[in-house]
Amino acid sequence: MSQKIAILGSTGSIGTQTLDIVSQNPNDLQVVAMSCGSNIDLFEKQIRKYNPALVSVGTEELAKDLKTRIADLDVTVLYGMDGLISVAAFDSADTVVTAVVGMIGVQPTIAAINAGKNIALANKETLVTAGHIIMPLAKEKGVSILPVDSEHSAIFQSLNGERHNEISKILLTASGGPFRGRTLEELENVRVEDALKHPNWSMGAKITIDSATMINKGLEVMEAKWLFGVNLNQIEVVVHPQSILHSAVEFMDGAVIGQMGTPDMRLPILYALFYPNRKTLYAEPLDLFKVGTLTFEKPDMETFYGLSLAYDAMDAGGNIPTVFNAANERAVAKFLDNKIKFLEIPEIVSEAMINVNFINNPTIKQVLETEQMTYDFIESRW
Ligand code: NDP
Ligand code: MG
């Protein structure tokens with residue numbers, strides 16, 4: 001019997017690669033529901049190809065347009081947050097791939113867990129802001145949260161058969177992004193086009209900017225803490241520009257177990273969907289002779305101080321990781337819009353962390369209120 005999946009964000013970088021995995025495994029995977037934001041040209045093609053029963057788009061207008069376009073098909077079309085939640089909790093789905101970008105994924109992810117779905121999690125912002133609610137809820141509902149982020153998938157793979165052994169350290173690798181080795185002065189006037197040029201990975205715009213500021217790695221430190229239950233001081237960021245070692249775990253005896261591979265997100269997607277089984281991935285295999293050299297260096301936390309702010313945010317706890325994340329989301333949007341400079345991104349995050357009110361152990365409602373308070377603070381200043 002095939003596994004039935006729902007995809008939140010099917011038109012994005014992770015969403016389209018997930019559909020590629022479905023195409024490679026037509027007898028084992030079936031898409032029953034999916035959502036997009038606004039790219040309904042691509043979405044229509046996807047609907048015709050994968051035949052889901054339920055779909056959702058960003059707005060009511062887009063839903064009307066889409067309904068007209070696919071009037072010949074028997075598909076329910078919804079929109080907005082309610083639509084996203086319906087896709088996440090869709091009856092016949094076994095697994096939900098969370099591939100939306102940003103903390104818009106919080107409520108749908110919680111709805112999916114409440115409906116007993118396993119989660120293939122790409123949407124890290126959701127764990128960063130609501131990990132304290134999501135992890136216990138998943139445990140209570142007996143559902144798995146399977147990492148799609150390449151580093152976390154590598155850590156997860158390195159922990160196979162090691163569950164009873166204590167982790168001494170997680171080595172979280174980072175490419176360093178397009179600006180590795182630059183000084184603050186050299187970053188002063190970088191343009192959006194420069195920041196969008198990632199050396200190894202082709203990804204959505206938001207995460208590509210996050211990689212350039214290294215705030216992506218900060219979000220991933222928090223994601224790792226929630227997924228693997230380790231302390232912050234056990235997570236070490238290791239800059240590894242070739243992106244071949246996707247991360248590793250050091251055990252008490254000093255053994256370091258890691259996962260290597262070409263930089264291809266379809267591998268962690270495939271692994272999450274078929275865990276604990278491995279399947280053939282129709283892709284270029286790793287050629288170590290071609291790679292030749294693997295190098296490792298310490299991150300420059302002073303130039304890329306967004307990364308050190310992430311440790312501060314997690315240390316502060318409560319709603320501060322939400323402030324960190326929401327401020328970054330808004331700042332990145334402004335940078336992409338050419339409204340602020342590159343170095344203003346960490347500056348805005350830092351100012352928001354100082355100025356937005358602290359709430360201990362926030363409920364989901366308070367997480368969402370914190371998001372709004374953070375946006376309001378930023379609008380008042382920038
Ligand atoms: P993209 O920007 O490529 O895709 C985002 C998806 O979310 C699109 O389908 C988009 O729809 C949809 N979306 C955006 N806004 C809304 C909205 N308001 N309502 C409903 N849907 C919306 O992002 P990525 O695929 O790069 O990233 C997705 C997540 O995965 C992020 O959390 C990212 O950090 C994480 N991730 C991504 C990796 C990658 O390689 N790309 C690697 C590891 C993690 P549309 O385009 O139709 O508007
Ligand atoms: Mg990653």
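It should be noted that the structure appears before, not after, this text.
Scoring rules and cut-offs
Residues numbered from 1 in each chain as written. Chains lettered and ligands numbered in written order. Predicted model: local features only at pLDDT ≥ 70, side-chain atom pairs only at ≥ 80, totals over all residues. Heavy atoms only, no water. Phe/Tyr/Trp six-rings, centres within 6.5 Å; stacked < 30°, edge-to-face > 60°. Buried < 20%, exposed > 50% of the residue type's maximum accessible area, 1.4 Å probe, protein only. Lys NZ or Arg CZ within 6 Å of the ring centre and 35° of its normal. Pairing = 2+ DSSP bridges. Helix = DSSP H or I, 4+ residues; strand = E, 2+ residues; numbered from the N terminus. Axes fitted to C-alpha atoms, helices over the stretch in contact; angles between N-to-C directions. Contact = heavy atoms within 4.5 Å. Arc of directions from axis to C-beta. Parallel < 35°, antiparallel > 145°, perpendicular 65-115°, else oblique. Left-handed = near helix turned anticlockwise from the far one by under 90°. Near = heavy atom within 4 Å. Polar contact = N/O pair within 3.5 Å; in protein donor to acceptor, adjacent residues only side chain to side chain. Areas by Shrake-Rupley, 256 points an atom, 1.4 Å probe, with all protein chains shown as cover. Lys, Arg positive; Asp, Glu negative; His and termini not counted. Salt bridge = Lys/Arg side-chain N within 4 Å of Asp/Glu carboxyl O.

*Asks:* What am I meant to see in the packing of aromatic side chains here?
*Replies:* Within a pair of aromatic rings, the relevant descriptors are the distance that separates the centres and the angle that separates the planes. Scanning the entire structure with this criterion turns up six aromatic pairs. Each ring, one from F335 and one from F342, has its centre 5.6 Å from the other, and the planes form 65°; the classification is edge-to-face. Like F335, the residue F342 is buried in the burial classification. Considering the side-chain rings of F377 and W382, the 6.3 Å spacing of their centres and the 75° angle between planes classify their relative orientation as edge-to-face. An aromatic cluster of at least three residues, connected via ring pairs, comprises F156, Y271 and Y275. Its guanidinium or amino end placed over the ring of W226, K225 lies 5.8 Å from that ring's centre, counting from NZ or CZ. Sitting over the ring of Y375, R330 keeps its end group 3.8 Å from the ring centre.

*Asks:* What's the story with the sheet that holds strand β1 (residues 3–8) in this structure? I'm lost.
*Replies:* Sheet strands pair by backbone hydrogen bonding; their relative direction is either parallel or antiparallel. The strand order across the open sheet built from seven strands is β4-β3-β2-β1-β5-β6-β7, with neighbouring strands paired in parallel fashion. In this open sheet, the two strands that pair with only one neighbour each are β4 (76–79) and β7 (145–147). Put simply, the sheet's adjacent strands are angled 25° from each other on average, direction ignored. As paired elements, strand β5 (residues 95–98) and strand β6 (residues 118–121) share four bridges and run parallel to each other. Considered in β6, the bridge of V96 is made with I119. Strands in contact with helix α1 (residues 13–24) are β1, β2 (29–35) and β5; relative to β1, the strand with the most contacts, it is inclined by about 165°.

*Asks:* I'm lost on helix α4 (residues 80–88) in this one. Help?
*Replies:* Residue pairs spaced three or four apart in an α-helix point in one direction, given the helix's 3.6 residues per turn. Every buried residue belonging to α4 is among G83, L84, V87 and A88, and all of these are buried. Projected down its long axis, α4 carries its buried residues within an arc of 140°, all on one side. The inward-facing, buried residues of α4 contact β1, β2, β3 (54–57), β4, β5 and α5 (106–114).

*Asks:* What exactly am I supposed to notice about the packing of helix α7 (residues 150–158) against helix α12 (residues 266–274) here?
*Replies:* As a packed pair, α7 and α12 sit with axes 9 Å apart at the nearest point and diverge in direction by 50°. Regarding the angle of α7 to α12, the classification is oblique. The element α7 and its partner α12 pack so that their crossing is left-handed. For the pair formed by α7 and α12, the contact residues are S150, S153, F156 and Q157 on the first element and L267, P268 and Y271 on the second.

*Asks:* Even after reading the chapter, I still don't get unusual backbone geometry, so can you show me in this structure?
*Replies:* Excluding glycine, residues mostly have negative phi values, and the peptide bonds linking residues are mostly trans. Geometrically, the link from Y275 to P276 is a cis peptide bond, its omega value of 5° lying close to zero. By secondary structure assignment, the location of P276 is in the loop between α12 and α13 (288–291). Its identity is not glycine, yet N338 carries a phi of approximately 60°, on the positive side. Here N338 lies in the loop between α15 (320–336) and α16 (344–355). Its relative accessible area of 62% is what places N338 among the exposed residues.

*Asks:* I tried to follow the site of ligand 1 on my own but got confused; where do I start?
*Replies:* Neighbouring residues of ligand 1: 23 residues in total, closest T11, S13, G37, S38 and E125. Here G9 contributes a backbone N or O atom positioned 3.2 Å from an oxygen atom of ligand 1. Protein burial of ligand 1: of its 900 Å² of free accessible surface, 82% is covered by the chains. Of all the secondary-structure elements, those providing two or more residues to the shell around ligand 1 are α1 and α6 (124–141).

*Asks:* I'm lost on the side chain of S35 in this one. Help?
*Replies:* Within the fold, S35 resides in strand β2. Residue class for S35 comes out buried when judged on its relative accessible area of 1%.

*Asks:* Would you mind showing me how to read the side chain of E223 here?
*Replies:* Tracing the backbone shows E223 in helix α11 (residues 215–228). An unpaired buried charge is present at E223: no salt bridge exists, and K124, the closest side chain of opposite charge, is 4.7 Å distant. For E223, the contacting residues outside a window of four places in its chain are L121, K124, L127, V128, D149 and H152.

*Asks:* How should I be thinking about α12 in this particular structure?
*Replies:* In terms of burial, α12 is a largely internal element, eight of the nine residues being buried. All of the buried residues in α12 are R266, P268, I269, L270, Y271, A272, L273 and F274.

Bear in mind that shape data such as this cannot, by itself, settle questions of function.
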